[in-house]
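In case you want the letters, here they are:
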Amino acid sequence: MSIVINNDSLLNKVKTSLLTYIEKNKLKHDEQLPSETALAKMLGVSRNTLREAYIALENDGVIYRRHGIGTFVTRSPVISDKLNYFLPFAQMIKESGYTPNFQTLSMGYECSQDDVYDAFSIPHSTKVFCVRRIVRADKQPVIYIEDHLLPIDEVKGINWSDFDGNMIQFLSTSLNTPMHHIQSHIRAEALNAEYSQYLELDSETPILNVKSYTYVEANDKPIVFSKIIFNSNIIELNVLRMIHK
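Everything in this summary refers to the structure shown in the same document.

**Some words on the overall build of the protein chain**
Scanning the protein chain for helices and strands turns up eight helices and 10 strands. Across the 245 residues of the protein chain, 44% fall into the buried class. Long-range contacts, defined as pairs at least 24 residues apart, comprise 55% of the intrachain contacts of the protein chain with a sequence gap of at least 6. Total accessible area on the protein chain stands at roughly 13,800 Å², and carbon and sulfur atoms take up 47% of it.

In structure tokens form, the structure reads like this:
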């Protein structure tokens, strides 16, 4: 099997290629990688460069090494999202070596829950347009999303036949208005039985529950209120926090 390296820095290229190798060959916990010599030749890099990538992946908890024996898989590769800037889910998954796939489960107007009405400050009798979808990395479901849209005339006129899964880009194009910022609240929770079928996980499995508010430029009311559930076995969220002097 040959691996083509296409990313930016050499170290990131090798890391991505190793993650792809693990995924493509469906290596599980405690299964062994080929020897350093074989992998270095396969990737067309030096053994020193390969070892640097090994160190990075070992720090990420993806692999572990036994001196004189070899390198083994700790767990499935993690898809990482840096929260300090907006990254579409498809791009996040691609950069982690997977193929993204969106499945729309349902879309339409419905009576909603209290947190949706509170997010928009609208009467609880109002019907709200909701899009439910699953995001997969290859064939594995990793994110469940509910996007609830502010019931205004501009939103009601949207043609959803062109929706491709990227809500932010789709709304920016459809409304001819750039989205300004996203505010998110993140909690670690046990998976509700209602959603376990979508992520193919047992109820009470630890997950990351995110509620996000997407705002239009120069507007003080969110245009989208999103409920997002991440499979925390696969997804990790990273935050960069600056220290003010």
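**Some points on the nonpolar core**
Residues Phe120, Ile158, Trp160, Leu171 and Ile223 are the most contacted members of the largest nonpolar core, which totals 26 residues. Counting residues per element, the ones that place at least two in this core are α5 (114–120), β5 (127–137), α7 (167–175), β8 (206–216) and β9 (222–231). Looking at this core element by element, the count peaks at five residues for α7.

**Comments concerning α7**
Considered for burial, the residues of α7 that qualify are Met167, Ile168, Phe170, Leu171, Ser172 and Leu175. The elements touched by buried residues of α7 are β5, β6 (140–149), α6 (153–156), β7 (179–190), β8 and β9. Trailing α7 by a residue or two, Asn176 shows a phi angle of about 55°, which is positive.

**Some thoughts on the packing of aromatic side chains**
Applying the stated rule across the entire model yields 10 aromatic pairs. On the numbers, 5.3 Å between centres and 75° between planes, the contact of Phe163 with Phe170 is edge-to-face. In terms of burial, Phe163 and Phe170 fall into one category: buried. When the centroid spacing of 5.0 Å and the interplanar angle of 45° are considered together, the rings of Tyr213 and Phe225 count as tilted. Taken together, the positions of Tyr213 in strand β8 and Phe225 in strand β9 put the pair 12 residues apart, joining distant regions of the chain. Cluster of aromatic residues (ring-pair linked, three or more members): Tyr109, Phe129, Trp160, Phe163 and Phe170. The ring centre of Phe72 lies 4.7 Å from the NZ or CZ of Arg66, which sits over that ring.

**Observations regarding the packing of helix α2 (residues 36–43) against helix α3 (residues 47–59)**
Packing of α2 against α3 leaves a shortest axis separation of 9 Å and a crossing angle of 105°. Considering the angle they form, α2 stands roughly perpendicular to α3. Residues Glu36, Thr37, Leu39, Ala40 and Leu43 of α2 lie in contact with α3, whose contacting residues are Arg47, Leu50, Arg51 and Tyr54. Partitioned by chemical class, the residues of the contact of α2 with α3 number five nonpolar, one polar and three charged.

**Brief notes about the sheet that holds β5**
With antiparallel pairing, the six strands of this open sheet are ordered in space as β4-β5-β6-β9-β8-β7. Where the open sheet ends on each side, the last strands, each with one partner, are β4 (100–111) and β7. Taking each pair of neighbouring strands and ignoring which way they run, the sheet shows an average axis angle of 15°. Taken together, the 11 bridges between β7 and β8 define a ladder with antiparallel strand orientation. Within β8, the position partnered with Ala190 by the bridge is Pro206.

**Considerations on a positive patch on the surface**
A cluster of basic side chains, namely Lys24, Lys26, Lys28 and Lys139, defines a positive patch on the protein surface. As for its placement among the helices and strands, Lys139 is situated in the loop between β5 and β6. For Lys139, a relative accessible area of 77% gives the class exposed.

**Quick look at the packing of helix α1 (residues 10–24) against α2**
One way to put it is that α1 packs onto α2 with a least axis distance of 11 Å and a crossing angle of 110°. One element, α1, and the other, α2, form an angle in the roughly perpendicular class. Considering how the two elements wind past one another, α1 and α2 form a crossing that is right-handed. Contact residues: α1 offers Val14, Ser17, Leu18 and Tyr21, while α2 offers Leu39, Met42 and Leu43. Across the contact of α1 with α2, the residue classes break down as six nonpolar, one polar and no charged.

What counts as what
Residues numbered from 1 in each chain as written. Predicted model: local features only at pLDDT ≥ 70, side-chain atom pairs only at ≥ 80, totals over all residues. Heavy atoms only, no water. Helix = DSSP H or I, 4+ residues; strand = E, 2+ residues; numbered from the N terminus. Buried < 20%, exposed > 50% of the residue type's maximum accessible area, 1.4 Å probe, protein only. Contact = heavy atoms within 4.5 Å. Areas by Shrake-Rupley, 256 points an atom, 1.4 Å probe, with all protein chains shown as cover. Core = buried A, V, L, I, M, F, W, Y, C linked by side-chain atoms within 4.5 Å. Phe/Tyr/Trp six-rings, centres within 6.5 Å; stacked < 30°, edge-to-face > 60°. Lys NZ or Arg CZ within 6 Å of the ring centre and 35° of its normal. Axes fitted to C-alpha atoms, helices over the stretch in contact; angles between N-to-C directions. Parallel < 35°, antiparallel > 145°, perpendicular 65-115°, else oblique. Nonpolar A, V, L, I, M, F, W, Y, C, P; charged D, E, K, R; others polar. Pairing = 2+ DSSP bridges. Patch = residues over 30% accessible without salt bridge, like charges linked within 9 Å, V, L, I, M, F, W, Y side chains within 5 Å. Salt bridge = Lys/Arg side-chain N within 4 Å of Asp/Glu carboxyl O. Lys, Arg positive; Asp, Glu negative; His and termini not counted. Charge placed at Lys NZ, Arg CZ, Asp CG, Glu CD. Left-handed = near helix turned anticlockwise from the far one by under 90°.

Remember, this is a structural readout, not a statement about activity or role.
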